[in-house]
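Structural description and commentary
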Amino acid sequence: MKIRDARNAAPDLPEMVGERVRMEVNRQLSAGERKRSWTPARAMVLAALCVVCVSAVAVAAVAYHMTLEQRGAYSVEIKVASQGETAVPEKVADIAFTPGYVPEGMVWRAEDKRIASPDTPHHGGVSISRMLLAGGGEDALSVTDKNVVESEQRTFAGREGVYLRFDDLRQDGTFNQRIVTLCPEYGWVVTLFIGDDVSKEDAIRIAENMMIEQTDVMIDTADLLPWGFEYAEAIADERPVSIAAGDIALHGVGEAFGVPAHCSNAEDAVVNVRVDSVQIADDLSLLSDGVPEDWQGTMGADGKLVANTLSYIKTGDGVNTLDTVIRTEQSAQKLVYVTLTYTNGTDAALEDVLYNGALMRIAEDGGRLTVVTDAELAGNGIDRISGDSAAAMGDMGYWSPRPDTGNGGNYIARLAPGESATVNMAWIVNESDLAHMFLNVTGGASYAFDDAARECGIVDLRVK
Amino acid sequence: MGEKGGEDVTKDELGALILQSQRQLYVTARAILKSDADIADAMQETVAKAFGKLWTLRNDAHAKTWLTRILINECYTIIRKRGRTVSLEAMGERAEEIAQTDGPQDYAALYRAIGALPEALRLPVTLYYLQDFSVREVAKTLHITEGAAAKRLARAREKLRDMLGKEISE
């Protein structure tokens, strides 16, 4: 019996229900009229909403006040204090944003609440978020920020708020400004995260012209984190970054091995993986499925990958000292294109098989393998290295195939018993990383030796 | 030309879409609410809200999931306001009744079995198998990941097999 056959038994639309729907559609389509009928059910829902709205109004009735205090040369604390404390309502109405001003060359993306260039919809621009305004009273809510080079307490169209600008060593679309405003009448704190491709004048104009409206979508406040919430300190990652070379299998190109098959129809299946080839290129012509958005702009006029300008940085504490660029240099970038074969060695079909490749930077010394950062490799007191192009280790930047079955598209739709599929993965890396590349295809991390990597092994891709 | 909402969908087009998909919406609402009176309220509210929020609908390719999501929210609003729940014991009894049914009643038994599934599984099954939603559309409608949607469908298939005591295929 097929599950889809159940639709043969699905009931017909009762005339009473159909009549109500038709009446409402006709009413909505009536020219110039937006009247709605008042049924007992609707009255009940409205009454319930009124109760919640009264609670929200009670929040607004308590006066909230935002202040800005200096905590070091480059550190500030934003505080939100109130004269009294109200119980947080069970539900709060969500708010919707409509920008009254969008900088030239940018567009408003309502679906993800961003203002951005159409060419780079997920970088730079302005991203808007809201957090619950809750609590108060004797304990003021507060958030402390570091690396702040400019700060200003002011109002934005009558709303109390602050403007912050953060230390930004290079213009690369990262968020280097923030505007935080109070929205107490609706029970929210609104934050605009602003990229370095937006001037301060435009950022303030966006904030001053942003329309905020309450919606009829009610959210359980139990599902929300309030502004000023202190996250518990991150639990230290216990996965080792250094192991004896003999404690992990190092596979070569052409060698097949088993890895967990993360698929939708089996819990503990294993799939066999083999790296067939590694190609190193100076351009992106191997990418048959198109250039990823993050790699736009990496090609020069000669069709080759542009050089990566690397800044070698000594980090400050963010309170009284800032990061300092010690030196800069140019590095060639290379495309690393890896072709793999995934084979189902089981006797059952595997569906939606997730594949993932994480490129690890590993130094081998004295019989030990150690995952290192580029700064650790550089040495000489350098704390971090920042590039202005796409080169990065870690998760694959390009992958194929991309069936329309799963988030991110990194799936093999189906592998019948004994069937194989070809997968291509690619990264753009700095030339110096070619001699330190290892590939983890277990779905795990690139920055530590996790359990799966130690159990299954990693692939040695080093180019000598 | 009708009054515009969003980028591509007019009010007239929305009205036509709603009237065309009344039965599908009704079947989806039946996965959550059991009373036709409640379903009528939910569907009427859905129509009103859909017209009011037309500006959030960007193109008609997404209208199905958009409309269904509004409907599901309205159904849950009614449940919360009226406290309608089904006890686990009642669900278990229904599952036993269903298992004893066979013959020409198979389709009805299968439909009732779907109705007896836990809600977290019932909705994805209704959307996927009875409304022809894709896994991605199910995930978007229910605000879950595609992996979670696929897992729930797999678990639902297992439960249906257990309930009906016979082989179930897609």
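Residues numbered from 1 in each chain as written. Chains lettered and ligands numbered in written order. Predicted model: local features only at pLDDT ≥ 70, side-chain atom pairs only at ≥ 80, totals over all residues. Heavy atoms only, no water.

A word on the overall build of chain B
A count of helices and strands for chain B gives 9 helices and 2 strands. Secondary structure of chain B in N-to-C order comes out as β-β-α-α-α-α-α-α-α-α-α. Here chain B holds 170 residues, and 51% of them are scored as buried. Within chain B, counting contacts between residues at least 6 apart in sequence, those at least 24 apart form 67% of the total. Working note: accessible area of chain B is about 7,900 Å², and carbon and sulfur atoms make up 49% of it. (Helix = DSSP H or I, 4+ residues; strand = E, 2+ residues; numbered from the N terminus. Buried < 20%, exposed > 50% of the residue type's maximum accessible area, 1.4 Å probe, protein only. Contact = heavy atoms within 4.5 Å. Areas by Shrake-Rupley, 256 points an atom, 1.4 Å probe, with all protein chains shown as cover.)

So, helix α7 (residues 119-130) of chain B
All names here are of chain B. In this model, α7 (12 residues) spans 15 Å end to end at C-alpha, consistent with the 16 Å of a helix rising 1.5 Å per residue. Judged by how many residues are buried, α7 sits mostly within the fold: 10 of 12 residues are covered. Within α7, burial applies to Leu121, Arg122, Leu123, Pro124, Val125, Thr126, Leu127, Tyr128, Tyr129 and Leu130. (Expected span 1.5 Å × (residues − 1).)

Points about the environment of valine 273 of chain A
Residue and element names in this part refer to chain A. Relative to the elements of secondary structure, valine 273 occurs in strand β16 (residues 270-281). Taking relative accessible area as the criterion, valine 273 reaches 1% and is therefore assigned buried. Linking valine 273 and asparagine 344, residues 71 residues apart in sequence, is a C-alpha distance of 9.2 Å. In contact with valine 273, other than residues within four places in its own chain, are Glu255, Ala256, Phe257, Val259, Leu340, Thr341, Tyr342 and Val441.

What about the sheet that holds strand β2 (residues 75-82) of chain A?
Residues and elements named next belong to chain A. Taken in spatial order, the 3 strands make up an open sheet running β1-β2-β7, and their pairing is antiparallel. What marks the edges here is a single partner per strand, and that holds for β1 (64-72) and β7 (141-145). Across the sheet, the mean angle separating the axes of adjacent strands is 15 degrees when strand polarity is ignored. Where β1 meets β2, 8 bridges bridge the pair, whose relative direction is antiparallel. What sits directly across from glutamine 70, in β2, is valine 76. (Pairing = 2+ DSSP bridges. Axes fitted to C-alpha atoms, helices over the stretch in contact; angles between N-to-C directions.)

Re the sheet that holds strand β25 (residues 398-400) of chain A
All names here are of chain A. One open sheet accounts for 5 strands, arranged β15-β16-β19-β27-β25; its pairing is antiparallel. Unpaired on one side and paired on the other, β15 (256-260) and β25 mark the two borders of the sheet. Sheet twist, expressed as the mean angle between neighbouring strand axes with direction ignored, is 30 degrees.

Here we look at the packing of α7 of chain B against helix α8 (residues 135-142) of chain B
Residue and element names in this part refer to chain B. Packing of α7 against α8 leaves a shortest axis separation of 9 Å and a crossing angle of 135 degrees. Here α7 is positioned oblique relative to α8, judged by the angle of their axes. α7 and α8 meet at a crossing whose hand is right-handed. Contacts between α7 and α8 involve Leu123, Pro124, Leu127 and Tyr128 from the first element and Val135, Val138, Thr141 and Leu142 from the second. Partitioning the contact of α7 with α8 into residue classes produces 7 nonpolar, 1 polar and no charged. (Parallel < 35°, antiparallel > 145°, perpendicular 65-115°, else oblique. Left-handed = near helix turned anticlockwise from the far one by under 90°. Nonpolar A, V, L, I, M, F, W, Y, C, P; charged D, E, K, R; others polar.)

Side note on the confidence of the model for chain B
Residue and element names in this part refer to chain B. Per-residue confidence for chain B averages 75 on the pLDDT scale, and 73% of its residues sit at or above 70. Helix α2 (residues 22-30) holds the highest mean pLDDT among the elements of chain B, 90, whereas strand β1 (residues 4-5) holds the lowest, 38. pLDDT under 50 marks residues 1-7. Its contacts with residues more than four places away, or in other chains, come to 17 contacts. Across residues 84-104, where pLDDT falls below 50, the model places 17 contacts with residues more than four positions away in sequence or in other chains. (pLDDT = per-residue confidence, 0-100.)

Description of the packing of aromatic side chains
Taken as a whole and judged by the stated rule, the model has 4 aromatic pairs over all chains. Plain terms: the ring middles of tyrosine 337 of chain A and tyrosine 398 of chain A are 6.3 Å apart, the flat faces sit at 35 degrees to each other, and that makes the pair tilted. With tyrosine 337 of chain A in strand β19 (residues 333-343) and tyrosine 398 of chain A in strand β25, this pair connects stretches of sequence that are 61 residues apart. Each member of the pair, tyrosine 337 of chain A together with tyrosine 398 of chain A, is buried. Geometrically, the ring pair formed by tyrosine 128 of chain B and tyrosine 129 of chain B is edge-to-face, given 4.8 Å between the ring centres and 90 degrees between the ring planes. For the pair formed by tyrosine 128 of chain B and tyrosine 129 of chain B, the shared burial category is buried. Just above the ring of phenylalanine 156 of chain A sits the side chain of arginine 154 of chain A; from NZ or CZ to the centre is 5.0 Å. Sitting over the ring of tyrosine 312 of chain A, arginine 327 of chain A keeps its end group 3.9 Å from the ring centre. (Phe/Tyr/Trp six-rings, centres within 6.5 Å; stacked < 30°, edge-to-face > 60°. Lys NZ or Arg CZ within 6 Å of the ring centre and 35° of its normal.)

Considerations on the pattern of salt bridges
All chains considered together, the criterion is met by 30 salt bridges over all chains. Of the charged contacts, one joins aspartate 145 of chain A and arginine 178 of chain A as a salt bridge, the two residues approaching to 3.0 Å between their closest N and O atoms. Of the two residues, aspartate 145 of chain A sits in strand β7 while arginine 178 of chain A sits in strand β10 (residues 175-183), which places them 33 residues apart along the sequence. Overall, arginine 178 of chain A belongs to the buried group, its relative accessible area being 18%. The salt bridge partner of glutamate 45 of chain B is lysine 49 of chain B, with a shortest N-O separation of 3.7 Å. Of this pair, glutamate 45 of chain B and lysine 49 of chain B both sit in helix α3 (residues 36-52), 4 residues apart, which is roughly one turn of that helix. (Salt bridge = Lys/Arg side-chain N within 4 Å of Asp/Glu carboxyl O.)

Digging into the packing of helix α1 (residues 15-29) of chain A against α3 of chain B
Where α1 of chain A meets α3 of chain B, the closest approach of the two axes is 9 Å, and the angle between their N-to-C directions is 20 degrees. Taken together, the axis directions place α1 of chain A and α3 of chain B in an arrangement best described as roughly parallel. You can see that α1 of chain A and α3 of chain B cross each other, and the crossing is right-handed. For the pair formed by α1 of chain A and α3 of chain B, the contact residues are Met16, Val17, Arg20, Val21, Glu24, Val25, Arg27, Gln28 and Leu29 of chain A on the first element and Asp36, Ala37, Ala40, Asp41, Met43, Gln44, Val47, Ala48 and Phe51 of chain B on the second. By residue class, the composition of the contact of α1 of chain A with α3 of chain B is 11 nonpolar, 2 polar and 5 charged.

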